[in-house]
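# Commentary on secondary and tertiary structure
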Amino acid sequence: MSSYYYNRTLIMSKKHENELAEALTEISDLQVAKDFLSNMFTPNELEELALRLQILKSLKAGVPQREIVKNLNVSIGTVSRGSREVKYGKSKFIQQL
């Protein structure tokens, strides 16, 4: 892939990511948010997102990684990724959990 197409793809990807984030910020009603999620994601994708949120919340609450793995039936790699985000990430969302 040429650098032109690679850069164009990155720019479009960021644009689309921004549009998605903007759409999320406009939702203030719980039912509308649930409708949005169920329309945008498959049941498996939605379950995965919900599990990742629970992982982050558990990590922020100080639950040990191995306990999270057992309680949520997820891989240690998934929990480790969340742990890195909690420890080193600069996400304001994670800080607000």
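Here is a short report on the structure shown in this document. (Residues numbered from 1 in each chain as written. Predicted model: local features only at pLDDT ≥ 70, side-chain atom pairs only at ≥ 80, totals over all residues. Heavy atoms only, no water.)

Attention shifts here to the overall build of the chain. What the chain contains, in helices and strands, is six helices and zero strands. Helices and strands in the chain line up, N terminus first, as α-α-α-α-α-α. The burial tally for the chain puts 12% of its 97 residues in the buried class. When contacts within the chain are restricted to residue pairs at least 6 apart in sequence, long-range pairs at least 24 apart make up 34% of them. Counting every atom, the chain has about 7900 Å² of accessible surface; 54% of that belongs to carbon and sulfur. (Helix = DSSP H or I, 4+ residues; strand = E, 2+ residues; numbered from the N terminus. Buried < 20%, exposed > 50% of the residue type's maximum accessible area, 1.4 Å probe, protein only. Contact = heavy atoms within 4.5 Å. Areas by Shrake-Rupley, 256 points an atom, 1.4 Å probe, with all protein chains shown as cover.)

As a further point, take the packing of helix α3 (residues 43-60) against helix α4 (residues 65-72). Here α3 crosses α4 at 145°, and the two axes come no closer than 10 Å. In terms of crossing hand, the pair formed by α3 and α4 is right-handed. For the pair formed by α3 and α4, the contact residues are Leu51, Gln54, Ile55, Ser58 and Leu59 on the first element and Gln65, Ile68 and Leu72 on the second. Taken together, the residues of the contact of α3 with α4 break down into five nonpolar, three polar and no charged. (Axes fitted to C-alpha atoms, helices over the stretch in contact; angles between N-to-C directions. Left-handed = near helix turned anticlockwise from the far one by under 90°. Nonpolar A, V, L, I, M, F, W, Y, C, P; charged D, E, K, R; others polar.)

To continue, consider the nonpolar core. Core analysis: the biggest nonpolar cluster contains five residues, these being Ile55, Leu59, Ile68, Val74 and Val79. Ignoring sequence-local partners within four residues, the contact set of leucine 59 consists of Gln65, Ile68, Val79, Gly82, Ser83 and Val86. (Core = buried A, V, L, I, M, F, W, Y, C linked by side-chain atoms within 4.5 Å.)

Turning to unusual backbone geometry, a few remarks are in order. Even without being glycine, asparagine 73 reaches a positive phi, approximately 55°. Note that asparagine 73 resides in the loop between α4 and α5 (76-88). Judged by relative accessible area, asparagine 73 falls into the exposed class, the value being 70%.

This paragraph deals with the pattern of salt bridges. Scanning the entire structure with this criterion turns up three salt bridges. The salt bridge involving lysine 14 is made with glutamate 17; its shortest N-O contact spans 3.7 Å. Here glutamate 17 and lysine 14 lie together in helix α1 (residues 3-25), a separation of three residues that amounts to about one turn. The exposure class of lysine 14 is partly exposed, given its relative accessible area of 49%. Residue glutamate 48 pairs with arginine 52 through a salt bridge whose shortest N-O separation is 3.2 Å. Placement of both glutamate 48 and arginine 52 in helix α3 is noted, with a separation of four residues, approximately one turn of the helix. Residue glutamate 48 is classed as partly exposed on the basis of its relative accessible area of 34%. (Salt bridge = Lys/Arg side-chain N within 4 Å of Asp/Glu carboxyl O.)

A separate point is the environment of aspartate 29. Note that aspartate 29 resides in the loop between α1 and α2 (30-40). A polar contact of 3.1 Å, which involves the side chain of aspartate 29, links it to the backbone nitrogen of glutamine 31. Here valine 32 takes part through its backbone nitrogen, which lies 3.0 Å from a polar atom of the side chain of aspartate 29. (Polar contact = N/O pair within 3.5 Å; in protein donor to acceptor, adjacent residues only side chain to side chain.)

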